[in-house]
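What follows is the residue order along each chain.
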Amino acid sequence: MVDPRRTGSAEWADLWLGLDVGTDIALANAVGREIIAAGLANLDFIRHATVDYDAYAATVEKYTLAEAERITGVPADAIRELAHAYATAPRAMLCWTLGITEHVVGVDNVLSLIALSLLTGHVGRYGSGLAPLRGQNNVQGGGDMGALPDRLPGFQHVERDDIRARFDSAWGVTVPPKRGWNLSLMFEAMERRDLRALWVIGENPAQSEADTHRTVSLLEGLDHLVVQDLFLTKTAQLADVVLPAAAAWSESDGTVTNSERRVQRVRKAAEPPGEARDDLAIIFDLARALGSDWGTPRAEAVWDELRSLSPLHAGMSYARLEAEDGLQWPCYDETHPGELFLHSRLWEQPRRGHPAPFVPVEHVPPVDPLDDDFPIRLTTGRRLESYNTGVQSAGYRSPLHRGESLDLSPEDAERLGIADGERVRVVSRRGSVEAPARIDPVLRPGLTFMTMHFPDDVAVNNLTIDTFDPKSGTSEFKATAIRIEKLPAGAPSA
Amino acid sequence: MSGQEHGGHTRGFELFHIFQELPARSSEIPVAPEPDPTEPVALTVDDRPVEVAPGETILDACRALGVETPTLCHAPNLTPVNACRVCVVEVEGQRTLAPACSRRAEAGMVVRTETERVRTARKVVLELLGSSVDLSLAGRHQPDGGLAGWMERYDADPARFGPAAAPAEAGERDARPTGHHHVPDGSAAETVAQPVKVDNDLYVRDYSKCILCYKCVEACGTDAQFTFAIAVAGRGFDARISTEWDVPLPTSACVYCGNCIGVCPTGALMFRSEHEMRAAGTWDESAQTVTETICPYCGVGCTLELHVQEDQVVKVLSPSDSSVTGGHLCIKGRFGSSFVNEKPGR
């Protein structure tokens, strides 16, 4: 378990590496260097299936165990133990979540982990591999369906003429030949006034995006904002038009795709309230208003159209999804059982397709530096019973809900003279919030933690930095520099 | 900077292609390794031959033949604990009756399910449970209709031990010291009857309905949740399921996954919504629909079985044969769906 916090999962781990926030590449490169130095690299696999190993080996050479201990704060022995355990295991998986991706080097963090799997051959085999654990029930499916700036459904690249031609002829339109913007680039485009109208479906960026002040002022500056949601969220309150929507998972039919690429059926169990309507019906009506009649909205028909255009999904009929408890893509035809794991082609003799590249990456510290004014690291994350900005989860009466707090180590609390439950002011270079302090031994000195589950009470994203990874567009939510200020005695508890 | 511009060290190879082309198809479909080939196990049940896979149980053999076998503490997604003994069968050549749910089938086994010994054992088990526990909701999800049918089939008469003793006061059974159980005078049947424990907004514990099958303990522990909030306390007839020191759930280790509710065979553990609707007389299963869908929260993709009455989600279960989590959920999937019920807020 590699995590700056000693979480409940870490309690169960054989080994916990409590690294400093934003030092993942230094750790991964040191693990890679140790595997190479100990002669544990799978050289046969590397020769057979990869390219650019030499460049990788040269890059990681300087990440000695001692150097990694200096950068990451993890004892060298623990890094060595991880390297040897991973390299010598018969099967091994690397799983990660937002602690890897919510950094300005999020993509590089992932590349550093991919390199470890290539180095050891822990990829493309049963029980070995790489797995980003998805935090939302259809974040995998959203990307699969083409909700990415450069992809058509089935991960097909929008800038490939041959692929676009198929979609052009199926849809009877000309698909724009250039990639679009990701979320972060959209906000930059709003700033330039290149983006002036926005249609937001099922997302609450006014509270979920980093640097709330900037986000809200950009949303307010739009010529036209349409929000389609179950609730009148803070974002919806800024909208010119609100389209009340049915709950996609219980008030309409369709599919979602989970973290293991399994396409699963969701089914209507109840009628939506009031004027709320199925997302599909809303989108079809809008198309009609724009002069394009798509007929009667029917989830299965939309899915079958997707199957006709995405080879990865071609074999997944509704009947099969029903009968086989979902299917994992790729599923190329109706006789294909779906695939349990990916990349087995790398092991074939001769190898099929292009080799897998090592992409060497260097450690880069977080963009929001610690200094005398902002000496403490704040990292944000989730709690078990809550979910993102709380639109869904704030309402149920969970005994585990305890509201927002600034969680800090017992050592920091003692040094700063802060009592458990005392309200404090948390200040970053972008803003400040007040919240009760909560002493939590899960945290090490210098590290604090907050969630984004109760933004109406404590707008934690006033603190976070919106500098983002240029490759993924994801902001560095995980590393904010803060200071903690005691409130004057007798201050009203807001 | 876009993905295709990344790197800049593309010796003899264009990283660009990785971003534009899907990986090549494997020539063979990747699957899990085949288990070692094994011979099926042949045995007879009630003089009928049957074959099961190695590792399967007598219960599996019975069900393969359509031999109805009552079970209470058995669940397909839990380790057998052999607590309730209502599934016992006779195995030729063995001194004691065997619990069908856990005894592995062996080659040449001769199993009988309708002998006098088996019928008597099942009858007495049902009578002892029926005399001391509220079984009104027990086994209601079983295909054969559960308790009422079994009582009739085995001619069980729970009333023969006399009238039920007075119910315990709230907390009384939990306070009984281990080893101090009094000898009953025989004038009344011992009972576990006691007030329902209602100490949180999500679920209630009605230990008047508890048959001590241990399923909740297993689901809370190593069979699913690894939380260990509950265990069996006390001994003999005073044994009961308890949090540590009988603290209320909100101060216990409970994480409200509700996997104990999902496996409880008698309705002792129940959604608070169901408990209150039953108390108000508005719980109406004939007016409910049951729909399988996928949890709206994280990327695991647990199957939810939504019980809906008048467009309100009143209970959430998960089928034990779900390929993703085998019927177990977390607090968000189990209880966090009520946001769709908040019609005024929508």
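What you are looking at is a predicted structure, and each value in this text was computed from that prediction instead of being measured.

**Thoughts on the overall build of chain B**
Check the secondary structure of chain B and you find nine helices and twelve strands. Summarising its shape, the C-alpha atoms of chain B cover approximately 90 × 60 × 40 Å along the three principal directions. Residues counted as buried form 40% of the 346 residues belonging to chain B. Relative to all contacts within chain B whose residues are 6 or more apart in sequence, the contacts with residues 24 or more apart total 60%.

**Remarks on the domain arrangement of chain A**
All names here are of chain A. Structurally, chain A comprises domain 1 (8-127 + 348-357), domain 2 (139-328) and domain 3 (376-486). Elements represented by at least two residues in the side of domain 1 that touches domain 3 include exactly α7 (98-101) and α8 (106-120). Grouping the constituent residues of the side of domain 1 that touches domain 3 by class yields four nonpolar, six polar and one charged.

**A word on the sheet that holds strand β13 (residues 376-381) of chain A**
Residue and element names in this part refer to chain A. Strand order in the closed barrel formed by six strands is β13-β17-β14-β16-β15-β18, and the pairing between neighbours is mixed. Here the strands of the sheet are splayed against their neighbours by 45° on average, with no regard to which way each runs. Where strand β15 (residues 423-428) lies against strand β16 (residues 432-439), five bridges are found, and the strand directions are antiparallel. What sits directly across from Arg423, in β16, is Pro436.

**Points about the packing of helix α2 (residues 24-37) of chain A against helix α5 (residues 65-72) of chain A**
All names here are of chain A. At their nearest, the axes of α2 and α5 sit 9 Å apart, and the two run at 165° to each other. One element, α2, and the other, α5, form an angle in the roughly antiparallel class. Like other packed secondary-structure pairs, α2 and α5 cross with a definite hand, here left-handed. Here Ala26, Leu27, Ala30 and Glu34 of α2 lie close against α5, whose contacting residues are Leu65, Ala68, Ile71 and Thr72. A per-class count over the contact of α2 with α5 returns six nonpolar, one polar and one charged.

**Describing the environment of Val158 of chain A**
Residues and elements named next belong to chain A. Tracing the backbone through its elements, the reader meets Val158 in the loop between β5 (156-157) and α10 (161-171). Classification of Val158 by C-beta neighbours within 10 Å gives buried; the count is 20. Sequence separation of Val158 and Gly180 is 22 residues, and the distance between their C-alpha atoms is 9.4 Å. Residue contacts for Val158: discarding those within four places in its chain leaves Asp150, Arg151, Leu152, Arg164, Val175 and Arg179.

**Examining the pairing of β13 of chain A**
All names here are of chain A. Buried residues dominate β13, accounting for six of its six residues. Pairing analysis gives five bridges linking β13 to strand β17 (residues 447-451), with the strands arranged parallel. Considered in β17, the bridge of Arg377 is made with Leu447.

**Some thoughts on the nonpolar core**
Ile58, Ala100 and Cys216 of chain B are the most contacted members of the largest nonpolar core, which has 99 residues in total. Every residue in contact with Ile58 of chain B, bar those within four places of it in the chain, is listed here: Val89, Ala98, Ala100, Arg103, Ala105 and Val111 of chain B. Counting 45 residues, the second-largest nonpolar core is a separate cluster that includes Ala68, Leu113, Leu130 and Phe358 of chain A.

**Notes on the interface of chain B and chain A**
It is common to report an interface's size as the accessible area lost on association of the parts. Listed as interface residues are 58 residues of chain B and, on the opposing side, 63 residues of chain A. For the side of chain B that touches chain A, the secondary-structure elements that each account for two or more residues are α1 (15-20), β10 (288-294), β11 (303-309) and α9 (331-335) of chain B. The greatest single-element share of the side of chain B that touches chain A, amounting to five residues, is contributed by β10 of chain B. In terms of residue class, the side of chain B that touches chain A is made up of 31 nonpolar, 19 polar and eight charged.

Thresholds, definitions, all that
- Residues numbered from 1 in each chain as written.
- Chains lettered and ligands numbered in written order.
- Predicted model: local features only at pLDDT ≥ 70, side-chain atom pairs only at ≥ 80, totals over all residues.
- Helix = DSSP H or I, 4+ residues; strand = E, 2+ residues; numbered from the N terminus.
- Buried ≥ 20, exposed ≤ 12 C-beta atoms within 10 Å, placed from the backbone.
- Contact = placed C-beta atoms within 7 Å.
- Domains from an automatic or database assignment.
- Nonpolar A, V, L, I, M, F, W, Y, C, P; charged D, E, K, R; others polar.
- Pairing = 2+ DSSP bridges.
- Axes fitted to C-alpha atoms, helices over the stretch in contact; angles between N-to-C directions.
- Parallel < 35°, antiparallel > 145°, perpendicular 65-115°, else oblique.
- Left-handed = near helix turned anticlockwise from the far one by under 90°.
- Core = buried A, V, L, I, M, F, W, Y, C linked by C-beta atoms within 7 Å.

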